[in-house]
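Inside the fold
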Amino acid sequence: MSPDDNELPRTEDEWRVRLAPEEFRVLREAGTEPPWTGEYVDTRTPGVYHCRACGAALFRSDDKFDSHCGWPSFDDAIPGAVREIPDHTLGMPRTEIRCARCDSHLGHVFEGEGFTPKDTRHCVNSVSIRLAPAQG
């Protein structure tokens, strides 16, 4: 996918044509895939995870860790790649993470859980990302 913003869909109908139904539900309607069902929950392959909607680089495999929560978890994002917004949809304060390039829903970020020295967990839907394995 080209990094040219002019090539991104401009309407939700255009996104619906570009994305598979489950991708659209999660990425554009802020849905959540069931825990333990995503293709990247247990992946250890080195590389970079990109937004499935627009192709922007979001997370490095070096920042991925096993949080035992049922979704891929990263203790850091590529600087500037992810936008955080307040989310009160479940009646409690959370922080949603979205792709900074195309504004697609990725998941949520949590702090203070003690999983890693960075003390941050980006909990991401596998259907929101695509792994580009490292070469060599």
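So, a few notes on the structure that sits alongside this text. (Residues numbered from 1 in each chain as written. Predicted model: local features only at pLDDT ≥ 70, side-chain atom pairs only at ≥ 80, totals over all residues. Heavy atoms only, no water.)

Here's the deal with the pattern of salt bridges
All told, the structure shown has 13 salt bridges when counted by the stated rule. Measuring nitrogen to oxygen at the nearest pair gives 2.8 Å for the salt bridge that ties R52 to E39. With a gap of 13 residues between them, R52 in the loop between β1 (47–51) and β2 (57–60) and E39 in the loop between α2 (21–27) and β1 connect regions that are remote in the sequence. One salt bridge connects D76 with K118, and the closest N-O pair in it is separated by 3.2 Å. Separated by 42 residues along the polypeptide, D76 in the loop between β4 (73–74) and β5 (82–87) and K118 in the loop between β7 (105–111) and β8 (120–124) bring together distant segments of the chain. Judged by relative accessible area, K118 falls into the partly exposed class, the value being 42%. Salt bridges linked by common partners bring D63, D75, D76 and K118 together as one network. (Salt bridge = Lys/Arg side-chain N within 4 Å of Asp/Glu carboxyl O. Helix = DSSP H or I, 4+ residues; strand = E, 2+ residues; numbered from the N terminus. Buried < 20%, exposed > 50% of the residue type's maximum accessible area, 1.4 Å probe, protein only.)

Some points on unusual backbone geometry
Backbone geometry places D103, a non-glycine residue, at a positive phi of 65°. Note on placement: D103 falls in the loop between β6 (94–99) and β7. In this structure D103 comes out as partly exposed when scored by relative accessible area, which is 31%.

A few points about the environment of R98
If you trace the backbone, R98 turns up in strand β6. When its relative accessible area of 13% is taken as the criterion, R98 is described as buried. As for R98 and Y49, which are separated by 49 residues in sequence, their C-alpha atoms are 14 Å apart. The residues contacting R98, other than those within four sequence positions of it, are A30, A81, V82, R83, I85, D103, S104, H105 and L106. (Contact = heavy atoms within 4.5 Å.)

What to know about the environment of G55
If you trace the backbone, G55 turns up in the loop between β1 and β2. Look at G55 and you get partly exposed, because its relative accessible area is 30%. Distance in space between the C-alpha atoms of G55 and D87 is 24 Å, their sequence separation being 32 residues.

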